[in-house]
Amino acid sequence: MNDDTLHAIATAPDLRELQALRVRLLGKKGELTEGLKSLGALPPEERRARGAALHERKRAVEAALEARKAALERAALDARLAAERLDLTLPGERVPAGAHHLLTQVTNRLLDVFASLGYEVVVGPELEDDRHNFGALNFPPDHPARDTQDTFWTTDGRLLRTHTSPMQVRYMESHEPPFRVVVPGRVFRNEAVDATHEAQFHQLEALVVGERITMADLKGAITEMATALLGSGTRTRLLPTYFPFVEPGAEFAIWWQHPKTGREEWLELGGCGMVHPRVFEAVGYEGVTGFAFGFGIERLAMVSYQVSDIRDLFRGDLRLLEQFRGVA
Ligand code: YSA
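What counts and how
Residues numbered from 1 in each chain as written. Predicted model: local features only at pLDDT ≥ 70, side-chain atom pairs only at ≥ 80, totals over all residues. Heavy atoms only, no water. Buried < 20%, exposed > 50% of the residue type's maximum accessible area, 1.4 Å probe, protein only. Helix = DSSP H or I, 4+ residues; strand = E, 2+ residues; numbered from the N terminus. Pairing = 2+ DSSP bridges. Near = heavy atom within 4 Å. Polar contact = N/O pair within 3.5 Å; in protein donor to acceptor, adjacent residues only side chain to side chain. Areas by Shrake-Rupley, 256 points an atom, 1.4 Å probe, with all protein chains shown as cover. Nonpolar A, V, L, I, M, F, W, Y, C, P; charged D, E, K, R; others polar. Phe/Tyr/Trp six-rings, centres within 6.5 Å; stacked < 30°, edge-to-face > 60°. Lys NZ or Arg CZ within 6 Å of the ring centre and 35° of its normal. Contact = heavy atoms within 4.5 Å. Axes fitted to C-alpha atoms, helices over the stretch in contact; angles between N-to-C directions.

So, on to the pairing of strand β9 (residues 289–296). When a strand is regular, its side chains alternate between the sheet's two faces. Burial within β9 is extensive, with seven of its eight residues counted as buried. For strand β5 (residues 200–210) and β9, the ladder comprises eight bridges, and the chain directions are antiparallel. From the neighbouring strand, Leu-207 faces β9, where its bridge partner is Ala-292. Sheet topology note: the strand β8 (residues 264–275)/β9 ladder contains five bridges and is antiparallel. Among the inter-strand pairings, Met-274 is bridged to a residue of β9, identified as Phe-291.

Set out below in structure tokens:
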């Protein structure tokens with residue numbers, strides 16, 4: 001055995017090779033083992049000298065094997081640690097921040113305004129029955145007013161609500177006056193879709209019922225809403241019109257300066273009026289009066305943020321929607 005053996009041990013490429021060397025040298029039939037076994041056959045003087053040399057050689061081989069084993073194990077551990085290393089100084093992966101859709105922002109802004117005016121926010125079902133959407137709101141069967149709000153029907157006679165007004169009936173059926181509520185929600189119409197009409201859109205409805213509520217309170221509420229949205233001094237206008245569930249009924253508009261053109265003009269928002277006695281009768285109320293108003297949220301969003309086609313609000317095209325990140 002020569003220094004090549006120690007060199008082979010010191011450069012063994014992995015633990016398997018090292019083990020093979022160990023067996024070859026120190027195994028049952030290993031070179032050193034055999035050498036030690038054969039000592040007995042030698043004359044005493046020669047045996048002593050040869051024995052001492054072999055034992056020293058064996059210790060050197062064992063030490064070399066241990067040293068190489070430790071080195072290989074350390075190298076393996078180092079490689080594993082390097083592979084698993086986490087560099088905390090690397091920049092993180094960017095998660096794009098989401099944002100509320102323009103309609104959600106406008107709705108939330110409106111709800112903040114109404115909450116600050118003391119209104120409770122309530123919501124109702126989108127799948128309605130005829131009584132809540134029409135009958136209890138004083139749309140008699142076959143009355144032409146129903147034609148202004150055609151919608152989608154299920155085979156069991158229910159319908160996708162055409163406005164948020166059915167929630168007036170639902171709320172009054174389960175609550176006693178006085179109260180002030182506001183109802184945001186999605187509504188549906190069988191509509192010839194164009195730049196200003198969708199088959200699905202959103203409305204916001206307000207209902208106030210109590211003793212001696214008058215048309216002046218209605219006008220005051222609409223003006224308060226307009227003031228909260230557009231600032232003090234904002235003017236509002238009511239023009240008589242017909243809705244079956246109010247008497248008198250009106251359409252309302254607010255006077256504003258168009259943010260883009262700078263022109264001052266009336267912005268038609270929706271309908272309003274004093275709750276019709278037949279509606280109170282349908283829900284079993286007596287001795288109270290009340291007002292209601294409702295309007296389209298898309299309309300307000302479109303004129304406020306210069307969206308010229310209502311369909312753009314529902315296309316999900318981020319190039320358009322991202323322009324309205326955090327505007328309202
Ligand atoms: C009236 C009187 C009250 O005491 C309470 C509420 C109302 C409003 C009534 N329920 C209603 O729905 N009236 S409406 O048919 O004229 O619609 C109100 C608003 O919804 C419209 O002014 C318009 O802004 C919007 N709208 C109607 N059809 C639409 C639409 N927006 C988008 N697409 C459509 N197809």
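As a further point, take the site of the ligand. Lining the immediate environment of the ligand, one finds 26 residues, of which His-163, Ser-165, Arg-189, Glu-191 and Glu-198 sit closest. Here Ser-165 contributes a side-chain N or O atom positioned 3.0 Å from a nitrogen atom of the ligand. Within the backbone of Leu-269, one N or O atom sits 3.3 Å away from an oxygen atom of the ligand. Relative to its unbound accessible surface of 690 Å², the ligand loses 87% to contact with the protein. Here the element with the most residues in the shell around the ligand is β8; it accounts for five residues. Across the shell around the ligand, the residue classes tally to nine nonpolar, twelve polar and five charged.

So, on to the packing of aromatic side chains. Note on aromatic pairs: each is described by the distance of the centres and the angle between the planes. The final tally for this structure, using the stated rule, is twelve aromatic pairs. Look at Phe-252 and Phe-295: their rings are 6.1 Å apart centre to centre, the planes differ by 90 degrees, and that puts the pair in the edge-to-face class. A residue pair is termed long-range when its members are at least 10 positions apart, and Phe-252 in strand β7 (residues 246–257) and Phe-295 in strand β9 qualify at 43 residues. Ring geometry for Tyr-305 versus Phe-324: centroids 6.4 Å apart, planes at 70 degrees, classification edge-to-face. In this pair, Tyr-305 is assigned in helix α10 (residues 297–305) and Phe-324 in the segment after α11 (318–321), connecting sequence segments 19 residues apart. Joined through ring pairs, the aromatic side chains of Phe-114, Tyr-119, Phe-252, Phe-291, Phe-293 and Phe-295 make up one cluster. The aromatic ring of Tyr-119 is capped on one face by Arg-180, whose charged end is 6.0 Å from the ring centroid. Sitting over the ring of Trp-255, Arg-235 keeps its end group 5.3 Å from the ring centre.

Attention shifts here to the side chain of Asn-133. Summarising the element assignment, Asn-133 is placed in helix α6 (residues 130–133). On the basis of relative accessibility, which here comes to 0%, the residue Asn-133 falls in the buried class.

Below, the discussion takes up the sheet that holds strand β6 (residues 236–241). Spatially, seven strands are ordered β1-β4-β5-β9-β8-β7-β6 in an open sheet, and the strand pairing comes out mixed. Sheet topology places β1 (120–121) and β6 at the edges, where each strand pairs with a single neighbour. Note that strand β4 (residues 179–188) and β5 share ten bridges and pair antiparallel. By the bridge assignment, Phe-188 is partnered in β5 with Gln-200. The strands touched by helix α5 (residues 102–116) are β1, β4, β5 and β9; relative to β5, the strand with the most contacts, the crossing angle is about 5 degrees. Sitting on the sheet, α10 is in contact with β5, β7, β8 and β9, with an inclination near 55 degrees to β9.

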